[in-house]
Each structure stands twice: as C-alpha cells, then as structure tokens.
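Okay, here's what each chain looks like letter by letter:
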Amino acid sequence: MDLGVRWKLHGDGRTPAPGAVVRPDERLSWPRTVGLGAQHVVAMFGASFVAPVLMGLDPNLAIMMSGVATVLFLLATRGRVPSYLGCSLSFVGVAAVIRAQGGTSATVTGAVFAVGVVLFLVGLAVQRFGARIIHAAMPPIVTGAVVMLIGFNLAPVTASTYWPQDQWTALLVMLFTGLAVVCLRGFWSRIAIFLGLVFGYGISWVFDRVFGKIHSVDGSGKLTDHWRLDLSGVSKADWIGLPSFHGPSFHWSAILVALPVVIALVAENAGHVKAVGEMTGDPLDDKLGTAISADGVASMLSTAVGGPPNTTYSENIGVMAATRVYSTAAYWAAACFALLFGVCPKFGAVVAAIPGGVLGGITVILYGMIGLLGAQIWINAKVDLRNPLNLVPAAAGIIIGVGNVSLKFTGTFSLSGIALGTLVVITGYHALRAFAPAHLKQQQPLLDEGTSSYDAAGQAGPQRAES
C-alpha cells in the first residue's frame, strides 16, 4: 500500500530550477527539508498556540496533537495533499459560549469531539456522492453567513475580557500587527500574528519596567495591581514532560452550540484542497472527501485526550506558494518538530504567560478577519445580496449570531447565538427557496472556494487567520 512516504530527490536536492516546483512526492536534501519543516512550524505558530489559549486548553497538548493530526492527514491522503493541521480558530467562540454557560474544558472538548464525528461523516458522504451534496445543503450564501456570524460573535470576548486588562498595550499591538499584515511581504506576512505576539511580549516587559504594575482587571476579572507580563511560571516549568490530558464530557446543549462550525470546516477544507490542486497542477477533487474525513478523525483523536480540534492551515499554503516546494516530506519534518515542542512544558508556560492586553490587540484583528472571511466566500462565489432569497436568511441569522439572541424552549433548554443563528440561516434559506418564485432561484457555483484561494500569477490569495 502506497502511504506517500517515499520521495524522489528533486534535481540535485539543492535549489529548484527557475520556474520548477518540488512536487508532493519529491524532496530536496534532508537538511533543506528539515529547514522547510521548521519554517512551516513557525508559520502555523501564531494561530495554533493562540487558539488553545483563547479556548482555555493546554497549548503544549495542542501543538503535540497538531503534529499527530498532520501525520494522520498525510497518511490518509497518501501524500497527495501537502497540508499542516493546526488548532482551528473557528471554535474559539464556541468555547467561550460553552464556558459562559458553566461548561468545563471537558465539556468543550466533548462538544468538539461530536463536531469531529459529523465532519468525518460529511467526508464519507462526499466520497460517496461527490461535492454536489455540499452545494445542495450549504450553498455559498449559507456558508459565508455562518462563517461571518461565528467570527463576529467573538467581539464581546475581546471587548470585555482582553482589551480592559491593558488598553494601551492592546492598542499598540493592534497597530503593529495591522502594519505587519499589510506592509510585510512573503513569508513574514504569513507570521504577522506571531510577530504581533513577540512585539506584545516585548512592549509589556518594557512597560512593566518603566511604569510598574498596572491597575486593571486581571485574567480572572478582578480589579487589582498586577504585572503585565508574569513569567514566574516559566522558571518553575520543566524542560521535558508530558502535557496534561483529560477525557471529553458530552452535553447536548454544548454540542448544539458547536455543530455549526462543521460548515466552516467544510469550507476551509474545500478551499485548501482547491488551492493545493491549482498550485501543484494535480486536480485533487477525488481527495476532497478523504481530506474532510481525515480532518474529522484528527479532531476526534485530539479532543479525545483533551486537545483542541484541528483544521488545514492556509498560512502554510502561503509558505508553499513562496518557496514553490510542495513536498510532503517537509510536513513530516514539521510534525516531528511539533511533537518535540509538545513535550516541553517550559514552552507551554511561555505561551500561557501571554499578557491579556496583548491578546486584546491580536484578537481585535483576528476575530474580525474570521468574520470577514464570510464576506470573502460571498465575493468568490459572486453571491447576489440584492436577491431577497439570499439577503433575508443571511441578515436574520447574522444579527441573531452576533447579538447572541436566545430562544428558550424549556427551563433547561434554549438555543442562542451561533447555534440559533446558524439554524436560522440554513432552515430559512431552504424554506424560503421552496416557496420563492422561479426568477429568484438563480444558479450558483457548484462549490464555493471556502476560505482560501490561489491565482495563476503565483501569489497566494486571501488567507484565513488559522486556519
């Protein structure tokens, strides 16, 4: 059985010829391949360790399981789809809602485990019936609206939790990160979030030395005098050790909140497979179902031990576009690096020490970008918002999701925010379509481009934040 773990040496193994690409089944020399793997790890760092922190999960375990997930994905796709699987930011809002309802980390991972099961089943269905079933159930107007309400539902988290901890640091980090995203080029623009975190660390340390302790709310919400950057936990942490594991806990109320994210994950995977196929010149439509199923299994495996869910990262698409090296051997090297970081508690302590004000500045941009990726889906698919069949369900669902509107059924069961908004968008669209006049039922593209794209000029298209 070909598992895609044999690679031919490309040319002399040093530098690809002008205009040439290193295909997934090829590699450069092993030192260069290992270096490219390290570059992929840096590219995914910004989102992949911020996401578990925002979800209240162990960043060490998140990085470790991202390595495991990547290996599983490469084996499942037989090495044809070069990809790194990192922690999905789409679940950050879900985790915040579940915790606000009194849920624990086990409740969060249990809900996300259920999403992984559904994603796996969707992948099997796509393998059996083709991509048409995605379009039938989730046309671009629905997919875009759901991604948008998931992102914008996070706004109160930034406004009430992170920003108040240190508003001036948050403002500076926001400005620096924005400049990095816009002004930097190539690889550096791909790690703008990571650079923003490093800048935030540095400015917090300087402010502590210049101004002393800050009088503001801390991470627990208490108003107190505290250091912006507290590294006491780093000195106490061991260099080598296993991360903390825990099992999932299943509650229907939490699962219903998390299920809408399946739509975002399907869009992300579809966009990733499309982009990689265009870059490598190898049509990968036959691997779409496999990729979606592999993502589902990887998320199930991660959440079963207490880690976060995973998804394909378009940050790493950017690295491939810049280097023109699509070798899956580089991703195996990246996965090995991630496993090593996962068994270093000191690394996790450094991540856990990220000041609240720094997260405030990062999340202002990050959450907004997640939401606006919904608009990108609409633009890519040329969705006509002048058509009331598109406009009405999307408008209603987004307002419900962003405003966290609730609908109570009993004293113990209600739907609100993301779950209710998604339900309104999906059921509203299909119900209205059943009664709409023929001239409103215009044909839409078979499958939207998800949240990634790649153009023929050799430049990566708009990228999602995690990816």
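Quick note: structure is the one above.
What this report covers is the structure whose coordinates are included nearby. Since we're looking at a predicted model, the values are computed, not measured. Here, residues in each chain are numbered from 1, in the same order as that chain's written sequence. Whole-chain, interface and lining totals are the exception, using all residues; otherwise, since this is a predicted model, local features are given only for residues with pLDDT of at least 70 and side-chain atom pairs are given and counted only at 80 or more. Side-chain metrics in this entry use all non-hydrogen atoms of the structure; hydrogen atoms and water are not considered.

## Points about the overall build of the protein chain
Argument step 1. Where helices and strands are cited, they refer to DSSP runs of H or I of at least four residues and of E of at least two residues respectively, numbered from the N terminus. Helices and strands together make up the secondary structure of the protein chain, namely 20 helices and eight strands.
Argument step 2. To sort residues, take the accessible area from a 1.4 Å probe on protein chains only and compare it with the maximum for the residue type: under 20% means buried, over 50% means exposed, and anything in between is partly exposed. Relative to its 467 residues, the protein chain shows a buried fraction of 56%.
Argument step 3. Pairs of residues are marked as contacts when any of their non-hydrogen atoms sit within 4.5 Å. Within the protein chain, residue pairs in contact and separated by at least 24 positions form 79% of the contacts whose partners lie at least 6 positions apart.
Argument step 4. Accessible area for the protein chain stands at about 19,000 Å²; split by element, carbon and sulfur atoms hold 66% of it. Methods summary: accessible areas were calculated by the Shrake-Rupley approach with a probe of 1.4 Å, and residue burial reflects only the protein chains presented.

## Focus on helix H19 (residues 388-403)
Structurally, the α-helix is built with 3.6 residues per turn, so residues lying three or four positions apart point the same way.
Argument step 1. The span one expects for a helix is its residue count, reduced by one, times 1.5 Å. With 16 residues, H19 ought to run about 22 Å at 1.5 Å a step, and its terminal C-alpha atoms sit 22 Å apart, in line with that.
Argument step 2. Here H19 has its buried residues at Leu 389, Asn 390, Pro 393, Ala 394, Gly 397, Ile 398, Ile 400 and Gly 401. The arc enclosing the buried residues of H19, seen along the axis, measures out at 165°, which places them on a common side. Of the exposed residues in H19, those oriented more than 90 degrees away from the buried face are Ile 399 and Gly 403.
Argument step 3. Where H19 is buried, its residues touch helix H6 (140-152), helix H18 (356-380) and helix H20 (417-435).
Argument step 4. Sitting at the head of H19, Asn 387 places a side-chain oxygen 2.9 Å from the backbone nitrogen of Leu 389. By definition, the arc is the one covered by directions from the helix axis to the C-beta atoms. Polar contact is defined as a pair of N or O atoms within 3.5 Å, subject to the rule that within protein one atom must be able to donate a hydrogen and the other to accept it, and that residues adjacent in sequence are counted only when both atoms are side-chain atoms.

## Looking at the packing of helix H4 (residues 105-129) against helix H14 (residues 288-304)
Argument step 1. To define axes, lines are fitted to C-alpha atoms, for helices over the stretch in contact only, and angles between the resulting N-to-C directions are given on a 0 to 180 degree scale. The interhelical angle for the contact between H4 and H14, taken along N-to-C directions, is 160°, at an axis separation of 7 Å. Relative to H14, H4 is oriented roughly antiparallel. The element H4 and its partner H14 pack so that their crossing is left-handed. Together, Thr 109, Val 112, Phe 113, Gly 116, Val 117, Leu 119, Phe 120, Val 122, Gly 123, Leu 124, Val 126 and Gln 127 of H4 and Leu 288, Gly 289, Thr 290, Ile 292, Ser 293, Asp 295, Gly 296, Val 297, Ser 299, Met 300, Thr 303 and Ala 304 of H14 make up the contact between the two elements.
Argument step 2. A per-class count over the contact of H4 with H14 returns 13 nonpolar, 10 polar and one charged. Should an angle fall under 35 degrees it is called roughly parallel, over 145 degrees roughly antiparallel, and 65 to 115 degrees roughly perpendicular, with every other angle called oblique. Left-handed describes a crossing whose near helix is turned anticlockwise from the far helix through less than a right angle; right-handed describes the clockwise counterpart. Only Asp, Glu, Lys and Arg are considered charged, only Ala, Val, Leu, Ile, Met, Phe, Trp, Tyr, Cys and Pro nonpolar, and every remaining residue, Gly among them, polar.

## Some details on a nonpolar patch on the surface
Argument step 1. Each patch groups residues whose relative accessible area exceeds 30% and which form no salt bridge, using 9 Å between like charges and 5 Å between nonpolar side chains of Val, Leu, Ile, Met, Phe, Trp and Tyr. Any carboxyl oxygen of Asp or Glu that lies within 4 Å of a side-chain nitrogen of Lys or Arg is treated as forming a salt bridge with it. Together, Trp 205, Val 206, Val 210 and Phe 211 give the surface a local cluster of nonpolar side chains, amounting to about 420 Å² of exposed area.
Argument step 2. Relative to the helices and strands, Trp 205 is located in helix H10 (residues 192-211).
Argument step 3. Its relative accessible area of 45% is what places Trp 205 among the partly exposed residues.

## Topic: the environment of Val 364
Argument step 1. Along the chain, Val 364 turns up in helix H18.
Argument step 2. On the basis of relative accessibility, which here comes to 33%, the residue Val 364 falls in the partly exposed class.
Argument step 3. Residues Val 364 and Leu 171 lie 193 residues apart in sequence; the distance between their C-alpha atoms is 9.4 Å.
Argument step 4. Discounting chain neighbours no more than four positions away, the residues touching Val 364 are Thr 158, Trp 163 and Met 174.

## Some remarks on the pattern of salt bridges
Argument step 1. Under the defined criterion, the tally for this structure stands at five salt bridges.
Argument step 2. Measuring nitrogen to oxygen at the nearest pair gives 2.9 Å for the salt bridge that ties Arg 80 to Asp 286. Pair noted here: Arg 80 is in the loop between helix H2 (59-76) and strand S3 (85-87) and Asp 286 is in the loop between helix H13 (261-280) and H14, with a separation of 206 residues, a long-range link.
Argument step 3. A salt bridge links Asp 384 to Arg 386, with the nearest nitrogen and oxygen atoms 3.0 Å apart.
Argument step 4. Using a relative accessible area of 74% as the deciding quantity, one classes Arg 386 as exposed.
Argument step 5. When salt bridges that share partners are traced, they join Asp 166, Asp 208 and Arg 228 into one network.

## Some thoughts on the packing of aromatic side chains
Argument step 1. When the centres of two rings from Phe, Tyr and Trp lie within 6.5 Å, Trp using its six-membered ring, the rings pair. Their planes under 30 degrees apart give stacked, over 60 give edge-to-face, and anything left gives tilted. In this structure the tally under the stated criterion is four aromatic pairs.
Argument step 2. Measuring from ring centre to ring centre gives 4.3 Å for Phe 176 and Phe 199, while their planes differ by 5°; the resulting arrangement is stacked. Of the two residues, Phe 176 is situated in helix H8 (residues 167-183) and Phe 199 in helix H10; the sequence distance between them amounts to 23 residues.
Argument step 3. You can call Phe 176 partly exposed: its relative accessible area is 31%.

## Let's talk about H10
Argument step 1. The end-to-end C-alpha distance of H10 is 27 Å, a good match for the 28 Å that 20 residues give at a rise of 1.5 Å each.
Argument step 2. Directly after H10, the chain includes Gly 212, whose backbone phi takes a positive value near 80°.

## Quick word on the nonpolar core
Argument step 1. Note on terminology: a nonpolar core comprises buried Ala, Val, Leu, Ile, Met, Phe, Trp, Tyr and Cys residues joined through side-chain atoms within 4.5 Å. The biggest cluster of nonpolar side chains holds 100 residues, and the ones touching the most others in it are Phe 49, Met 55, Ile 354, Tyr 367 and Trp 378.
Argument step 2. Broken down by element, the residue count for this core peaks at 11 residues, all from H13.
Argument step 3. Two domains each provide a minimum of three residues to this core, namely domain 1 (25-381) and domain 2 (384-438).
Argument step 4. Not counting residues within four places of it along the chain, the set of residues in contact with Trp 378 comprises Pro 140, Ile 141, Gly 144, Ala 145, Met 148, Val 383, Leu 385, Ala 394 and Ile 398.
Argument step 5. Within the second largest apolar cluster, five residues are counted, among which are Val 22, Leu 28, Leu 36 and Val 325. Note that the domain bounds were set by an automatic or database domain assignment.

## Describing unusual backbone geometry
Argument step 1. A positive phi angle, near 55°, is found at Arg 78, a position not held by glycine.
Argument step 2. Tracing the backbone through its elements, the reader meets Arg 78 in the loop between H2 and S3.
Argument step 3. The class of Arg 78 is partly exposed, set by a relative accessible area of 32%.
Argument step 4. If you check the backbone angles, Lys 382 has positive phi at about 55° while not being a glycine.
Argument step 5. Following the sequence through the fold, Lys 382 ends up in the loop between H18 and H19.
Argument step 6. Lys 382 sits in the exposed class, given a relative accessible area of 73%.

## A word on the packing of H2 against H14
Packed helices, taken two at a time, are described by their axes: the angle between them and the distance between them.
Argument step 1. Contact pair H2 / H14: the axes reach a minimum separation of 9 Å and the direction vectors enclose 150°. Here H2 lies roughly antiparallel to H14, going by the angle between them. Remark: the crossing between H2 and H14 carries right-handed chirality. Where H2 abuts H14, its residues Met 65, Val 68, Ala 69, Leu 72, Phe 73 and Ala 76 lie against Thr 290, Ala 291, Ala 294, Asp 295, Val 297, Ala 298, Leu 301 and Ser 302.
Argument step 2. Grouping the constituent residues of the contact of H2 with H14 by class yields 11 nonpolar, two polar and one charged.

All we've got here are geometric facts, nothing functional implied.
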